[in-house]
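As a plain string of letters, each chain reads:
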Amino acid sequence: ESLKQVNGVELHKDYLKRQIQFSSQHAKTWVQSCFFALDDQAPSQHEVDAYLSFLQEILDAKINISGVLLYGLARPSMQPQANRLSQLPESWMQALAQRIEKLGIEVKLSV
């Protein structure tokens, strides 16, 4: 749902999982993940849980990823809704990084 809202694309998680699997079979693969506030609201617990569940599905499918590149907004967005986007607090990003690491996935955090 978030991908469609922010990027204007509708991708099913099974498609994304297949793309990650294909990539990981041919090269070191890091899952890039950008998190930000929309209208000053952090992603909902439901969205975060869905993201973590997706990462767990990758692990359960024995897809070999190198880790997650977790980052926030580093510069002004070029999205049409850029005025609605803002950085999340560093503490929020660090808490998410810790939850990803608890899955057994290396995280490189850039805030």
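A quick note: this is a predicted structure, and the numbers were derived from the prediction, not measured.

Criteria and thresholds
The residue count restarts for each chain, going from 1 along the sequence in the order it is written. With pLDDT at 70 or above as the cut-off, local features in this predicted model cover only qualifying residues; side-chain atom pairs require 80 or more to be listed or tallied, and sums for whole chains, interfaces and linings still use all residues. Only hydrogens and water are removed before side-chain values are computed, so all heavy atoms of the structure are retained for them. Put simply, DSSP marks the helices as runs of H or I at least four residues long and the strands as runs of E at least two long, and each gets a number from the N terminus on. Values of the radius of gyration come from C-alpha atoms, whereas the globule rule sets the reference at 2.2 Å times the count of residues to the power 0.38. Buried residues are those whose accessible area, probed at 1.4 Å on protein chains only, stays under 20% of the maximum for their type, while exposed residues exceed 50% and partly exposed ones sit between those limits. The span you would expect from a helix comes to 1.5 Å times its residue count less one. Working note: the arc is built from the helix axis to C-beta atom directions. Planes of paired rings set the category: under 30 degrees apart is stacked, over 60 is edge-to-face and the rest tilted, where pairs are Phe, Tyr or Trp rings (Trp by its six-membered ring) whose centres lie within 6.5 Å. Grouping buried Ala, Val, Leu, Ile, Met, Phe, Trp, Tyr and Cys residues that are joined through side-chain atoms within 4.5 Å yields what is termed a nonpolar core. Between two residues, a contact is recorded if the distance between any of their heavy atoms is within 4.5 Å.

(A) Representation of the overall build of the protein chain within the structure. Helix and strand counts for the protein chain stand at 4 helices and 5 strands. Taking 111 residues into account, the globule formula puts the C-alpha radius of gyration at 13 Å, and the protein chain, at 14 Å, falls close to it. C-alpha extents for the protein chain along the principal axes are approximately 40 × 30 × 25 Å. The buried share of the protein chain, taken over its 111 residues, is 32%.

(B) Focus on helix H2 (residues 13-26). Its 14 residues place the ends of H2 20 Å apart at the C-alpha level, agreeing with the 20 Å of an ideal helix rising 1.5 Å per residue. Taken residue by residue, H2 has Lys17, Ile20 and Ser24 as its buried positions. The arc enclosing the buried residues of H2, seen along the axis, measures out at 65 degrees, which places them on a common side. Opposite its buried face, H2 presents the exposed residues Phe22, Gln25 and His26, each directed more than 90 degrees away.

(C) Expanded view of the packing of aromatic side chains. Under the defined criterion, the tally for this structure stands at 2 aromatic pairs. Their ring planes at 80 degrees and their centres at 5.0 Å tell us that Phe35 and Tyr51 sit as a pair that is edge-to-face. Here Phe35, found in the loop between strand E1 (30-34) and strand E2 (37-38), pairs with Tyr51, found in helix H3 (residues 45-60); they are 16 residues apart in sequence, far enough to count as distant. Accessibility assignment for this pair places Phe35 and Tyr51 in one class, buried. Note on Phe35 and Trp92: the rings are 5.9 Å apart at their centroids and 45 degrees apart in plane angle, and the pair reads as tilted. With a gap of 57 residues between them, Phe35 in the loop between E1 and E2 and Trp92 in helix H4 (residues 90-102) connect regions that are remote in the sequence. Ring pairs connect the aromatic residues Phe35, Tyr51 and Trp92, which therefore count as one cluster.

(D) Spatial organisation of the nonpolar core. Membership of the largest hydrophobic core comes to 21 residues, with the highest contact counts inside it found for Leu55, Val68, Leu70 and Ile100. Residue assignment for this core shows that the elements contributing at least two residues are H3, strand E3 (67-71) and H4. The dominant element in this core, judged by the number of residues it contributes, is H3, at 6 residues. Not counting residues within four places of it along the chain, the set of residues in contact with Leu55 comprises Val68, Ile100, Leu103 and Ile105.

Interpretation note: all reported values are geometric properties and have no functional meaning in isolation.
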